[in-house]
Amino acid sequence: MALIDDVDFGTPARPSAATVTLLIDGAPVTVPEGTSIMRAAQEVSRPIPKLCATDKLEPFGSCRMCLVEIEGVRGTPASCTTPVREGMNVTTQNARLERIRKGVMELYISDHPLDCLTCAANGDCELQDTAGEVGLREVRYGMDGANHFDAQVKDPIDVSNPYFQFEPSKCIACSRCVRACDEVQGTLALTLEGRGFASKISAGLEMDDFFSSECVSCGACVQACPTATLMEKSVVDHGVPTRSVETTCAYCGVGCSFKAELKGSEVVRMVPSKSGGANEGHSCVKGRFAWGYASHKDRITTPMVRESATDPWRKASWDEAIDFIATRFKDIQARHGKGAIGGITSSRCTNEEVYVVQKMIRAAFGNNNVDTCARVCHSPTGYGLKTTFGTSAGTQNFKSVEQADVILLIGANPTDGHPVFASRMKRRLRRGAKIIVVDPRRIDLVRTPHIEAAHHVPLRPGTNVAVMNAFAHTIVTEGLVDEAFVAQRCDMVEFERWRSFVSEPENAPEALAEKVGVDAETLRAAARTFAAAPNGAIYYGLGVTEHSQGSTMVMCMANLAMATGNIGREGVGVNPLRGQNNVQGSCDMGSFPHELPGYRHISDADTRALFEGDWGVHLHDQPGLRIPNMLDAAMDGSFRGIFVQGEDIAQSDPNTKHVQAALAAMDCVVVQDLFLNETAAHAHVFLPGTSFLEKDGTFTNAERRINRVRPVMAEKSGLSEWETVCRVARAMGYPMHYDHPSQIMDEIARLTPSFAGVSFARLDRDGSLQWPVNDAHPDGAPIMHVDGFVRGKGRFMITRYVPTEERSNRHFPLILTTGRILSQYNVGQQTRRTANSLWHPEDVLEIHPHDAEERGIVDGDPVSINSRVGATTLHARISDRMAPGVVYTTFHHPLSGANVITTEFSDWATNCPEYKVTAVQVNKSNLPSDWQAHREEFVAEHYRVTEPAE
Amino acid sequence: MAMTRQNAAPISGGDPDPVTEAVDLICGRYGDRPDALIEMFHDLQDGLGHVPETALKPIAKRLNLSRAEVHGVLSFYHDFHTKPVGRVVVKVCRAEACQSMGALPLIAQICDRLGVGLGSTSAGGSVTVEPVYCLGNCALAPAATVGGVLHGRVDAERVAALVTEMTGEAG
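Residues numbered from 1 in each chain as written. Chains lettered and ligands numbered in written order. Predicted model: local features only at pLDDT ≥ 70, side-chain atom pairs only at ≥ 80, totals over all residues. Heavy atoms only, no water.

Colleague: Got a minute to help me understand the overall build of chain A in this structure?
Modeller: Each helix and strand counted, chain A has 30 helices and 37 strands in total. In terms of overall size, chain A behaves like a compact globule, its C-alpha atoms giving a radius of gyration of 29 Å where 950 residues would be expected to give roughly 30 Å. Its C-alpha atoms put chain A at 90 × 80 × 65 Å along the principal axes. Look at the contacts in chain A between residues 6 or more apart in sequence, and 73% of them connect residues 24 or more apart. If you sum the accessible surface of chain A, you get close to 32,200 Å²; carbon and sulfur atoms cover 51% of it. Each charge class in chain A can be summarised by its mean position, and for the 95 positive and 117 negative side chains these summaries are 2 Å apart. (Helix = DSSP H or I, 4+ residues; strand = E, 2+ residues; numbered from the N terminus. Rg over C-alpha atoms; globule rule 2.2 N^0.38 Å. Contact = heavy atoms within 4.5 Å. Areas by Shrake-Rupley, 256 points an atom, 1.4 Å probe, with all protein chains shown as cover. Lys, Arg positive; Asp, Glu negative; His and termini not counted. Charge placed at Lys NZ, Arg CZ, Asp CG, Glu CD.)

Right, here's the structure in full:
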């Protein structure tokens with residue numbers, strides 16, 4: 001339940017063009033055909049008592065509270081399961097219905113503990129509310145008979161889940177939790193065990209508790225429960241919240257809307273908003289529960305400085321810290337030139353915070369040395385989709401997947417990485433859509449209860465482009481191209497070039513099968529399935545982009561979508577599943593060295609003139625340095641100062657030792673973050689950042705949806721991040737001032753055509769907007785390229801497969817690929833500081849039984865993983881999810897050093913690192929690697945803080 | 001832990017245990033069809049005497065169902081046992097017709113004679129006594145089955161004799 005509830009209509013909306021008019025208690029109401037009487041009654045504000053019904057779930061008809069009378073119909077049908085009919089005359093309340101409802105409620109309460117005053121749900125209980133509504137005054141059966149709540153008979157409370165508890169004695173067996181797990185989350189972890197009086201909710205097998213079960217802790221059951229049976233432990237501990245602030249989750253690129261429910265400024269719980277466009281009332285374990293890091297004791301809330309990165313930290317005032325930065329940066333520029341400093345924006349921060357950082361760099365630093373962490377994740381998406389379609393963004397809204405017939409999922413693992421979208425996808429798959437999974441690993445969506453992939457293409461890491469070319473070859477040579485679409489929407493010269501290219505025999509599945517490691521018939525069959533779909537939708541993740549041919553691969557998918565006519569309507573499209581909450585936004589805001597906000601090239605004089613006029617400065621017309629260029633330049637001494645906003649390049653970027661050496665070579669490293677991260681170990685200035693609970697601004701999710709982030713508490717550091725940046729800019733000599741973050745968005749809208757209609761006021765009114773928001777799309781654009789591509793004609797690109805130079809050999813015979821897991825998030829700065837670590841206390845190396853046996857490795861053994869650039873030690877988990885020859889790990893824990901082994905290879909167009917392919921050797925080992933041993937000492941040395949003298 | 005992926009669970013070496021073998025055989029017999037789940041439980045119970053909890057994970061995996069779904073179906077039917085039962089199972093009807101013909105005192109007498117509580121198994125594991133709700137033999141109430149064979153107009157003595165006959169032991 002949510003305390004500050006949206007109206008619950010009892011049953012889901014039934015979108016239908018046809019309408020039905022009926023009378024409810026004499027009031028006429030017109031609703032879409034298929035609507036339930038219960039929902040229609042709520043439409044005219046005649047709520048009908050209910051217990052088992054809620055509008056997130058299909059009607060069930062078990063509680064018998066919602067009975068109504070219908071003129072000319074015998075008996076008292078349940079209003080939740082009875083659809084409206086034309087001319088119906090419904091009575092929702094009279095003496096007979098009142099008597100029946102009271103009678104049913106008496107039965108419920110006769111087996112329910114009467115401890116309302118001390119119950120965790122007191123004030124937030126639908127059972128209590130409904131008892132009040134029906135006027136229950138006595139329980140004629142007494143409370144003495146067989147029951148589920150007496151101390152001698154009641155089942156113990158299951159507290160195994162760290163975030164919520166299950167108290168069976170309070171259960172009314174309405175099955176809302178079971179149905180939420182089935183219908184909303186799609187995990188089906190719960191069941192109603194037994195029958196009759198012995199019925200009870202069970203999390204799977206007899207030996208299972210919630211923690212050991214298949215439960216993924218998304219919280220849907222807790223939200224669905226009308227009693228205190230399933231309850232957040234934070235509410236049990238602190239009581240029901242008293243106020244609520246609508247905001248946006250700061251974990252992945254799904255961008256779920258939440259109500260932060262509070263007492264004072266203390267968050268009691270986060271409840272997903274039904275009105276949230278991205279999540280429509282659903283959540284995952286991270287957004288719903290893993291927000292405790294915001295008040296973790298490790299948070300640094302005062303600025304700190306030090307002369308040298310080997311000195312202990314010294315706490316400083318804001319003024320001192322900002323002066324320190326400006327003095328050092330100006331000194332570096334005086335000695336080494338304007339281009340000797342730069343900065344990195346963060347995809348975790350708001351659009352407004354990112355915008356001011358890139359503005360500071362371009363206007364106050366006077367160069368274009370700005371880059372962003374999207375460099376290491378989705379930069380190829382921007383490049384590839386801009387080249388082919390004309391815009392650097394996914395084409396669909398999330399809801400579009402509900403119209404897809406075939407889903408082609410490439411290099412993404414949504415059930416772990418984008419769980420709330422995965423639930424939408426699973427719902428569609430359970431209703432009959434097919435899925436093709438292209439992934440080296442057997443991810444959950446290959447086979448999970450009630451879902452089985454039509455095809456799994458377990459390709460060798462690094463052969464994406466070969467797979468896509470084989471698909472394209474099959475489609476072109478078997479006559480499966482949507483010729484009409486191509487002729488109408490695409491550049492025919494480019495198309496014909498592409499057609500003859502993919503028809504070449506070297507692109508035939510038979511020719512590529514061996515390189516890919518998948519037989520030709522599987523490749524052909526998968527291609528045919530996709531081409532035959534009325535609506536074929538492509539979803540992809542970092543398994544596409546983080547390769548030496550990342551940009552090529554994005555263009556491959558765009559080609560495929562165009563050739564099969566799958567662009568420009570619901571149910572189709574090319575959809576990047578963005579990693580971070582605001583990676584779309586940080587790219588939109590001009591975070592790349594070659595682009596001003598709105599993806600306009602810095603070399604374009606008109607665009608520059610627009611910004612120069614508004615900002616009152618001269619802008620350099622050449623692109624600045626990318627992150628890897630900055631690091632290389634640091635090594636040769638020409639780049640000496642960096643401002644790092646909310647990012648941990650020393651853990652997240654490839655070849656950790658190189659990153660560390662580059663940072664150590666600089667004269668001034670400034671880190672703005674919540675915690676002393678790995679990068680901060682090399683910093684001279686630490687500026688305390690703000691958590692999403694303290695931010696006022698906007699995030700833009702993977703579907704281009706701009707959502708408001710609203711502060712629920714004051715900044716713990718006393719200063720917003722955007723104001724901090726403005727002060728640094730002013731100290732550097734550039735007057736940058738805003739009174740409120742809404743003024744930053746106003747400036748963005750003024751200077752960026754795709755954001756022209758965006759403002760805080762508009763977002764507060766409409767909830768969210770999907771860019772472009774301008775004269776052509778005044779209410780935004782959930783689906784792009786509807787009547788034509790942004791660039792005019794769609795452009796087919798030649799995509800020749802070039803194998804990566806990183807390949808297995810005698811010394812490094814295995815291929816390591818990396819990914820993430822549901823409970824942890826990226827470098828883990830946040831999730832590791834929550835109970836989520838119970839599910840994933842350490843990163844492990846997944847290795848195939850054959851590869852393990854060859855090396856004498858058994859499950860749980862410590863193993864060393866060596867690549868040509870570094871080594872680390874992890875525990876092994878024997879798993880057949882990968883093909884032999886491929887090993888897998890995650891990178892959530894700093895000590896794992898996953899990026900100590902990844903190499904300097906990167907995408908040819910954008911320098912996005914090739915995280916997904918590293919040739920390694922794995923051996924049994926009992927010792928930490930040299931790097932790991934060194935890290936312990938290093939961290940102890942570099943994290944020291946001097947306490948001020950008394 | 002489900003969240004670290006049930007599919008990623010370590011693969012143990014060695015031969016499959018008899019339960020897993022039985023599951024593989026029986027699921028294969030029905031082509032892994034989820035709608036044959038109840039038949040599979042019957043076959044398992046016929047073969048093993050009960051449906052052990054350890055059978056549920058492999059069944060769920062083969063049928064691509066969740067553990068909860070499989071457990072929900074199994075626990076719904078009283079006729080399926082998850083623990084071993086006696087060599088002879090006595091089911092005594094206590095639906096309306098049989099009750100009117102003295103089923104309740106009869107059950108007490110049977111339990112007494114066989115030295116076992118209702119719904120449980122005798123100490124030596126020879127006999128289990130369970131209540132059932134209508135065997136469809138109302139005209140010959142009170143009714144009971146002994147070792148799966150239906151008998152009408154039973155009394156405690158006859159039931160005990162039938163049990164002795166089948167087990168070779170005195171009740």
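Colleague: Explain the packing of aromatic side chains to me, please; I cannot follow it from the model alone.
Modeller: For any pair of aromatic rings, the description consists of the separation of the ring centres together with the inter-plane angle of the planes. Residue and element names in this part refer to chain A. According to the stated counting rule, one finds 23 aromatic pairs over all chains in the structure shown. Aromatic side chains Tyr355 and Trp615 sit 6.2 Å apart centroid to centroid with 80 degrees between the ring planes, which places their arrangement in the edge-to-face category. Residue Tyr355 is located in helix H9 (residues 351-365), and its partner Trp615 is located in helix H21 (residues 605-615); the two are separated by 260 residues in the primary sequence. Here Tyr355 and Trp615 have matching classes, each one buried. An aromatic cluster of at least three residues, connected via ring pairs, comprises Tyr163, Phe164, Phe166, Phe210, Phe211, Phe289 and Trp839. Taking the ring centre of Trp313 as reference, the NZ or CZ of Arg306 above it sits at 3.9 Å. The cationic tip of Arg489 hangs over the ring face of Phe789; the distance from NZ or CZ to the ring centre is 4.9 Å. (Phe/Tyr/Trp six-rings, centres within 6.5 Å; stacked < 30°, edge-to-face > 60°. Buried < 20%, exposed > 50% of the residue type's maximum accessible area, 1.4 Å probe, protein only. Lys NZ or Arg CZ within 6 Å of the ring centre and 35° of its normal.)

Colleague: Which parts of the structure should I look at to understand the sheet that holds strand E2 (residues 127-132) of chain B?
Modeller: Note on sheets: strands pair through backbone hydrogen bonds, and any given pair is parallel or antiparallel. All names here are of chain B. Across the sheet, four strands lie side by side as E2-E1-E3-E4; this open sheet has mixed pairing. Sheet topology places E2 and strand E4 (149-151) at the edges, where each strand pairs with a single neighbour. Across the sheet, the mean angle from the axis of one strand to that of its neighbour is 25 degrees, orientation sign disregarded. The pairing of strand E1 (residues 88-93) with E2 spans six bridges and is parallel. Within the sheet, the bridge partner assigned to Val92 lies in E2 and is Pro131. Across the sheet, helix H6 (residues 103-114) lies against E1 and E2, angled at about 160 degrees from E1, the strand it touches most. Sheet strands in contact with helix H7 (residues 156-167) are E1, E2, strand E3 (144-146) and E4, and its direction is about 160 degrees off that of E1. (Pairing = 2+ DSSP bridges. Axes fitted to C-alpha atoms, helices over the stretch in contact; angles between N-to-C directions.)

Colleague: Looking at this model, I keep getting lost on the pairing of strand E33 (residues 862-866) of chain A. Mind explaining?
Modeller: Residues and elements named next belong to chain A. Note that E33 and strand E34 (residues 871-878) share five bridges and pair antiparallel. Along E34, the bridge assignment pairs Val863 with Leu874. Linking two consecutive strands that pair antiparallel, namely E33 and E34, is a turn of four residues.

Colleague: Whenever I open this one, the environment of Glu937(A) confuses me. Can you help?
Modeller: Residue and element names in this part refer to chain A. Along the chain, Glu937 turns up in helix H30 (residues 930-942). Take Glu937: its relative accessible area is 57%, and that puts it in the exposed class. The spacing of Glu937 and Cys587 is 350 residues in sequence and 37 Å in space, taken between C-alpha atoms.

Colleague: Before we go on, may I ask you to explain the sheet that holds strand E21 (residues 536-540) of chain A in this structure?
Modeller: Residue and element names in this part refer to chain A. Pairing in this open sheet of five strands is parallel, and the strands run E20-E17-E16-E21-E22 from one edge to the other. In this open sheet, the two edge strands, each paired with only one partner strand, are strand E20 (455-457) and strand E22 (574-576). Strand-to-strand twist of the sheet, defined as the mean angle between neighbouring strand axes without regard to direction, takes the value 15 degrees. The sheet contact formed by strand E16 (residues 406-410) and strand E17 (residues 434-438) spans five bridges and is parallel. Bridging across to E17, Ile410 finds its partner in Val438. Those strands touched by helix H13 (residues 464-477) are E16, E17 and E20, and its axis lies near 155 degrees from that of E16.

Colleague: I would appreciate a short explanation of unusual backbone geometry in the present structure.
Modeller: Backbone phi values are negative for most residues with the exception of glycine, while trans is the configuration of most peptide bonds. All names here are of chain A. A cis amide bond links Trp771 with the next residue in sequence, Pro772, at an omega value of 5 degrees. Mapped onto the elements, Pro772 comes out in the loop between strand E30 (768-770) and strand E31 (814-819). One non-glycine residue with positive phi stands out, namely Arg704, at about 65 degrees. Looking at the secondary structure, you find Arg704 in the loop between strand E28 (697-700) and strand E29 (705-709). Under the relative-accessibility criterion, Arg704 is labelled buried at 0%.

Colleague: Where do I start with the pattern of salt bridges in this structure?
Modeller: Residues and elements named next belong to chain A. The tally for this structure, following the rule as stated, stands at 71 salt bridges over all chains. Put simply, Glu58 and Arg14 hold a salt bridge, and the shortest N to O gap is 2.7 Å. Placement of Glu58 in the loop between helix H1 (37-43) and strand E3 (69-70) and of Arg14 in the segment before strand E1 (19-24) is noted, with a sequence separation of 44 residues between them. The exposure class assigned to Glu58 is partly exposed, which follows from its relative accessible area of 31%. The closest approach of N and O atoms between Lys916 and Glu546, which form a salt bridge, is 4.0 Å. Of this pair, Lys916 sits in the loop between helix H29 (898-901) and strand E36 (918-924) while Glu546 sits in the loop between helix H18 (542-545) and helix H19 (550-563); the two residues are 370 residues apart in sequence, bridging distant segments of the chain. For the pair Lys916 and Glu546, a shared accessibility class is recorded, and that class is buried. (Salt bridge = Lys/Arg side-chain N within 4 Å of Asp/Glu carboxyl O.)

Colleague: Just checking my understanding: could you explain the pairing of E1(B) for this structure?
Modeller: Here is the key point about a regular strand: its side chains alternate between the two faces of the sheet. Residue and element names in this part refer to chain B. The buried fraction of E1 amounts to six of the six residues, a majority that puts the element mostly inside the structure. A two-sided burial pattern is seen for E1, the buried positions comprising Val88, Val90 and Val92 on one face and Val89, Lys91 and Cys93 on the other. The pairing of E1 with E3 spans three bridges and is classified as antiparallel. What sits directly across from Val92, in E3, is Ala144.

Colleague: Help me understand the confidence of the model for chain B, please; the structure alone is not making it clear to me.
Modeller: Any segment with low pLDDT has predicted coordinates that should not be analysed in fine detail. When pLDDT is averaged along chain B, the result is 88, and 89% of the positions lie at 70 or above. Contacts for the low-pLDDT stretch residues 4-13 of chain B, under 50 throughout, to residues beyond four places or in other chains number 27 contacts. (pLDDT = per-residue confidence, 0-100.)

Colleague: Help me understand the interface of chain B and chain A in this model?
Modeller: By convention, interface size is frequently given as the accessible area that disappears when the constituent parts associate. The partner chain A presents 46 residues to the 31 residues of chain B that form the contact. Here chain B meets chain A over a buried area of about 3,200 Å², counting both sides, of which 53% is carbon and sulfur. Along the contact surface separating chain B from chain A lie two salt bridges. Here chain B is connected to chain A by 15 residue pairs in polar contact (both at pLDDT 80 or more). Mapped by element, the contributors of at least two residues to the side of chain B that touches chain A are helix H3 (56-63) and helix H4 (67-76) of chain B. Residue contributions to the side of chain B that touches chain A peak at seven residues, all from H4(B). A breakdown of the residues in the side of chain B that touches chain A according to their chemical character gives 13 nonpolar, 10 polar and eight charged. (Buried area = accessible area lost by both parts, 1.4 Å probe. Polar contact = N/O pair within 3.5 Å; in protein donor to acceptor, adjacent residues only side chain to side chain. Nonpolar A, V, L, I, M, F, W, Y, C, P; charged D, E, K, R; others polar.)

Colleague: Which parts of the structure should I look at to understand the packing of helix H4 (residues 176-185) of chain A against helix H12 (residues 419-430) of chain A?
Modeller: In helix packing, the relevant descriptors are the interaxial angle and the interaxial distance, both defined with respect to the helix axes. All names here are of chain A. Viewed as axis vectors pointing N to C, H4 and H12 meet at an angle of 90 degrees, and their least axial separation amounts to 8 Å. Considering their axes alone, H4 and H12 lie roughly perpendicular with respect to each other. Where H4 approaches H12, its residues Asp182, Glu183, Val184 and Gln185 are matched on the opposing element by Ser423, Lys426, Arg427 and Arg430. Class assignment of the residues belonging to the contact of H4 with H12 gives a composition of one nonpolar, two polar and five charged. (Parallel < 35°, antiparallel > 145°, perpendicular 65-115°, else oblique.)

Colleague: How should I be thinking about the domain arrangement of chain B in this particular structure?
Modeller: For chain B, the assigned domains read domain 1 (17-76) and domain 2 (88-167). Spacing between the C-alpha centres of domain 1 of chain B and domain 2 of chain B amounts to 29 Å. (Domains from an automatic or database assignment.)

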